[in-house]
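Tertiary structure, described
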Amino acid sequence: HRGDRYDATGYGPVFEDQPVETIYPEESPEAKITMSCRARANPPATYQWRLNSQSIDLDGDNHYTLVGGDLVISNPIKNKHVGNYSCVATNDYGTVVSREAGVRFGYLDFFSSEEREAVHVKEGQGAVLLCAPPPHYPHELSFRWILNEFPIFITLDKRRFVSQTTGNLYISKVDLSDSGNYSCFVSSASIAKSVFSKFIPLVPLTERPIRKYPADIKVKFPDTYALVGQNVTMECFALGNPIPQIRWKKMNGELPSNHDVSMAGAHLHLYNVQYEDEGTYECEALNSKGKDWHRARVSVEAFPEWTESINSTEKDISSDYTMSCVASGKPKPHVQWLKNSYAYDKRDLRFSGLTFKDSGMYQCIAENRHGVIYANAELRVIACAPTFEHNPVKWRILGAKNGRVVIECKPKAAPKPSFSWSKGTELLFNSTRVLIWEDGSLEILNVTEADEGRYTCFAENNRGQANSTGSLSITEATKITLAPSNADVTVGENTHMQCAASHDSTLDITFVWTLDAHTIDIDREGSHYERNLNGGSSGELLIKNTQLKHSGRYTCTAQTPVDNVTASANLVVRGPPGSPGGVRVEEIRDKSVRLIWSRGTDNHSPISKYTIQCRDSFSQEDWRDATTSPPDVEGNAESATVVDLFPWTEYEFRVIATNTLGTGDPSSPSPKVTTLEAVPVVAPSDIGGGGTSRELTITWTPVQPQYYYGRNFGYIIAFKPRDGYEWRKVTVADPGAKHYVHKDSSILASTEFEVKVKAFNSKGEGPYSLMAVIYSAQDVPSKAPTSVGARALSATEAIVWWLPVTQHTVEGYQVRYWRKAEDSETSSQRVVLSSRENRTRLDNMRPDSHYLIEVKAYNAAGYGPPSQHLQIYTKKAPPSRPPKIISKKLKGTSVNIAWEHVEPLANESTIDGYKVLYRQASKSTGTLFNTGKRSIDLPMHKDGDYIVEVRAYSEGGDGAVAQIRISGNTSIKYQRNTFTKMYKAPF
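The paragraphs below set out a description of the structure included in this document. A quick note: this is a predicted structure, and the numbers were derived from the prediction, not measured.

Quick look at the state of the cysteines now. What the rule picks out here adds up to six disulfides. Ordering the disulfide-forming cysteines of the protein by sequence position, one finds them joined as 1-2, 3-4, 5-6, 7-8, 9-10, 11-12. The thiol of C384 is unpaired, and the distance to the nearest cysteine sulfur, on C409, comes to 14 Å. A relative accessible area of 21% means that C384 is categorised as partly exposed.

On to the layout of surface pockets, then. Of the pockets and cavities examined, the largest pocket occupies roughly 1900 Å³. Surrounding the largest pocket, 43 residues form its lining, R247, E284, L286, K291 and W648 being those nearest its centre. Breaking the lining of the largest pocket down by element, the ones donating at least two residues are β24 (245-250), β27 (279-287), β28 (290-308) and β66 (673-674). The element contributing the most residues to the lining of the largest pocket is β24, with five residues. For the lining of the largest pocket, the per-class residue count stands at 15 nonpolar, 15 polar and 13 charged.

Let's shift gears to the environment of S551. Looking at the secondary structure, you find S551 in the loop between β54 (540-543) and β55 (552-559). Considering only alpha carbons, one finds S551 and N231, 320 residues apart in sequence, at a separation of 43 Å. Apart from the residues lying within four places of it in its own chain, the contact partners of S551 are L515, D516, L571, V572, V573 and H604.

Our focus in this paragraph is the side chain of T628. Tracing the backbone shows T628 in strand β61 (residues 627-629). Using a relative accessible area of 8% as the deciding quantity, one classes T628 as buried. Within the structure, the side chain of T628 is placed 2.8 Å from the backbone oxygen of P630, a separation counted as a polar contact.

Looking now at the sheet that holds strand β46 (residues 464-475). Across a sheet, strands are paired by hydrogen bonds formed along the backbone, either parallel or antiparallel in direction. Spatially, β38-β46-β45-β41-β42 is the arrangement adopted by the five strands of the open sheet, whose pairing is mixed. Of all the strands in the sheet, the pair left with one neighbour each is β38 (396-400) and β42 (426-428). Looking at each pair of strands side by side, their axes are set apart by 35° on average, direction ignored. Both strand β41 (residues 418-423) and β42 contribute to a ladder of three bridges, which runs antiparallel. Paired with S422 across the strands is L427, a residue of β42.

Position of K591 relative to the elements: it lies in the loop between β57 (581-586) and β58 (593-598). Once the C-alpha coordinates of K591 and R951 are considered, the two residues, 360 residues apart in sequence, prove to be 76 Å apart.

This next bit is on the pattern of salt bridges. Scanning all chains against the criterion turns up 46 salt bridges. In this structure, R159 engages D178 in a salt bridge whose closest nitrogen and oxygen atoms are separated by 2.6 Å. Taken as a pair, R159 in the loop between β15 (142-147) and β16 (160-162) and D178 in the loop between β17 (169-171) and β18 (180-188) lie far apart in primary sequence, 19 residues in all. For D178, a relative accessible area of 1% translates into the label buried. Taking the shortest distance from any N to any O, the salt bridge between E949 and R951 comes out at 3.6 Å. For the pair E949 and R951, one class covers both residues: buried. Taken together, the shared-partner salt bridges connect E16, D17, R38 and R40 into one network.

M35, W49, L71 and Y85 are the most contacted members of the largest nonpolar core, which totals 23 residues. Counting residues per element, the ones that place at least two in this core are β3 (32-35), β4 (38-42), β5 (46-51), β8 (70-74), β9 (83-91) and β11 (101-108). With 22 residues, the next largest nonpolar core counts L129, F143, L147 and I154 among its residues.

Rules of the game
- Within each chain, residues carry numbers counting from 1 in the order of the written sequence.
- With the structure being a predicted model, the display of local features is reserved for residues of pLDDT at least 70 and the display and counting of side-chain atom pairs for 80 or more, all residues being used for whole-chain, interface and lining totals.
- The side-chain quantities take in all heavy atoms of the structure and omit both hydrogens and water.
- Disulfide: a pair of cysteine sulfur atoms within 2.5 Å of each other.
- Buried means the residue's accessible area, taken with a 1.4 Å probe over protein chains only, is under 20% of the maximum for its type, while exposed means over 50%, and partly exposed covers the values in between.
- Throughout, the protein atoms alone are placed on a 1 Å grid, and a set of points is a cavity if a 1.4 Å probe fits but cannot get out or a pocket if it is open with protein on both sides within 12 Å along at least five of seven lines; lining residues have an atom within 4 Å of a point.
- Grid points are joined across faces, edges and corners, and a volume is the space filled by probe spheres set on the points.
- A helix here means a DSSP run of H or I that spans at least four residues, while a strand means a run of E at least two residues long, and both kinds are numbered starting from the N terminus.
- Each residue is assigned to one class: nonpolar for Ala, Val, Leu, Ile, Met, Phe, Trp, Tyr, Cys and Pro, charged for Asp, Glu, Lys and Arg, and polar for all the others, Gly among them.
- Two residues qualify as a contact provided that any one of their heavy atoms is within 4.5 Å of a heavy atom in the partner residue.
- Identification of polar contacts relies on pairs of N or O atoms within 3.5 Å, with a donor-acceptor requirement for protein atoms, meaning one able to donate a hydrogen and the other able to accept it, and with residues adjacent in sequence counted only if both atoms are side-chain atoms.
- Note on pairing: DSSP must find at least two bridges between two strands before they are called paired.
- Each axis is a line fitted through C-alpha atoms, and for a helix only the stretch in contact is used; angles between axes span 0 to 180 degrees, taken between their N-to-C directions.
- Salt bridges are defined as contacts in which a side-chain nitrogen from Lys or Arg sits within 4 Å of a carboxyl oxygen from Asp or Glu.
- For this analysis, a nonpolar core means a set of buried residues of the types Ala, Val, Leu, Ile, Met, Phe, Trp, Tyr and Cys, connected via side-chain atoms within 4.5 Å.

Dropping the structure here:
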């Protein structure tokens, strides 16, 4: 096609659907593969396909069928149809080639049917069960393990881990509960198939005591290539007893912010990988017996990506043109060109004097080892006579008096035409006021009303000529009549910027405000900006609740459809300082560092002081003010020494500036640093312990980790018999240890030992704790309590006392009591007391009963001999019947209450008198009266209702109660006598 005969609606092929990588399961019930291809084109495209860059003979192979643009492969054969396919789309305007897409056959064979050998492991040791997956494609598989029967899958935790690289099952330390039959379950998501292995018996072997083993890393992540934007998972798992703790770090830097640790530390995930994530990563496994570590490198590369690409375009015949493609990526991509599916071996396509033969479909292809990208464009070379059909000269042009006017002239023409202009019948030429641009536009400077009139543009090339006319009118120029003024405010205050202008009355005027060239959107930023509409010629700007961000140069632009004018002023907003920058740490010592920073903005108010804050690895979220030397950091300082830090502790610091207007935001945290090691200064506390048979156990409260002060932290335990001279010392290397057991068959019972403990690390030993006294295995107390005495207090209570046993090993006493005739000694009631007590109350006894009492001393070894049995008798029960109230008489300001005498039953105690409780109805306590009479005078009250309670009392306790209510208005209400069997007086 020649460019001068092209249909304006026609265009070359543009892909809308292209083939994709395809995995065809060998066992697929659907015996066909469909490779998609569809292109938008006018006229419609025709299609061909290539396999490994060779054209496919669709007529010569009955496995292939073309459906639209799609290629259907029926009954595919592995050794014939595997390869890389591409689609070729063609129409009158050219040809394009799709991206290549591979066809591969996927499979997952079954595991071998051979029996798997049993794995025997000692309890506490680690175990590895090998999966050994069968042959498969593609390589990506997922692994789980079955325990005993399907579908019971083992739960993964910090002790058990399944590698998604090898499929192996790792158990850091085997428990007896791990006994069972295990099978590796393998799944391929690409072909939707799963298989599992023969069962592997795991047989834990009992071992006592269970040995401990140092951490031993068995799952090690390899050197890895990651692509920018992808996610990467690294595996690390260790065997050991106790179960090792997994820690991750990046050498010479921080772990990326986009990282996550899962599977109890065994997985490190890096999300959306970037170039700065490249480096060496370390996995450390640690337990109390030792540590292990593994390092590998993560190299970050990138898929090709266009930084400069091509677009479809029309170009004039005989013009020059360059098509350029630039791609980024790592490794650097190789770029090649195709025209109508044929290769050009050039980086850029440069055309000098385009011809119709240069028209066609061009493709730029960038490729590195990670992939290929395509950019497609149509180049159309055209030739035509000038025409203003689609873009005539503007029919009415306005110009401001004394301003500048540009009248555009942009006809469609190829090759480029020559231009000339006329005003009316007068031909125009270039002068100091009139200029015809190269693109055909006419420029007139300092226009006046004399320039009004009709202007015609003439365009001509070797294919013909054309012209177009427009009319120019002159308006009054716009002028600023009230310009904004400079202002100075404090944060939070309000201010305004004035602006007014005169303009041509036939034109509309608008005001636009900018802050440092950024246009202010009044609607979106209405919380701070408001326009003061004071007439159509005013554009005053109100600025409310000013913030630091509102400082800058404000420009008012008054504009009409014809011209615009501007005026500017500066706004200074004073406020608290900005955050300091570049915080870094130097001169790191054990308890101090030197901090250096650069000044932030003072926001127009001098900085008066700086505050240094720090946080350590033991309180990640809590920033606290640091101690500095000197204590006050002046506002002109850019460094300070931070003191009173913990040795061998990871810190980060930040700096905050303050001025007279407030305190600013903190700086970004400094890089994390670790202070140097030092000798421990904190000793373990709560030293104690004791002995059992042939053992002496020494206990303490461990030192908190922030007081370790260095590596290789542990404890030194010193102990000796109290009358000995030489201290025996033992080292415990576990920083979390809480006790030490010394085994010695020669230790005598109840031997007194002096004990002290101190901490140590790689820098030296700290101070000893306070000395404590403990005892070896004790014998039971050899003496019984003496001088045991007792007496009954009531029908249900008694008190017992004794002389203490003088042996120092006594930890307390047990008192037993039981009825001599009715109870057995084994069902006796018991009271247990500490060694500091030598008397106690006995309760819940039966009235009028004969009791036996004994007292024993005890310690950790058991009970000593009992005292002689002591006999007591409890009192008879108190009266079970309440008094009967027989009269209540008002006597002036008092009331007289009388009752009948209570006759005790034969098994009840003799009456000793009566107790009368006088209380407000809303309260449980009041005034208690004792009397031997059968009446009592009580004062009358006017502040509400009162209750009178009457009961008999005896040596056996208090009897049942009778009640009566007395109202403040002098009326008396009788209560039903309540029969309450009470042996203890509640008052």
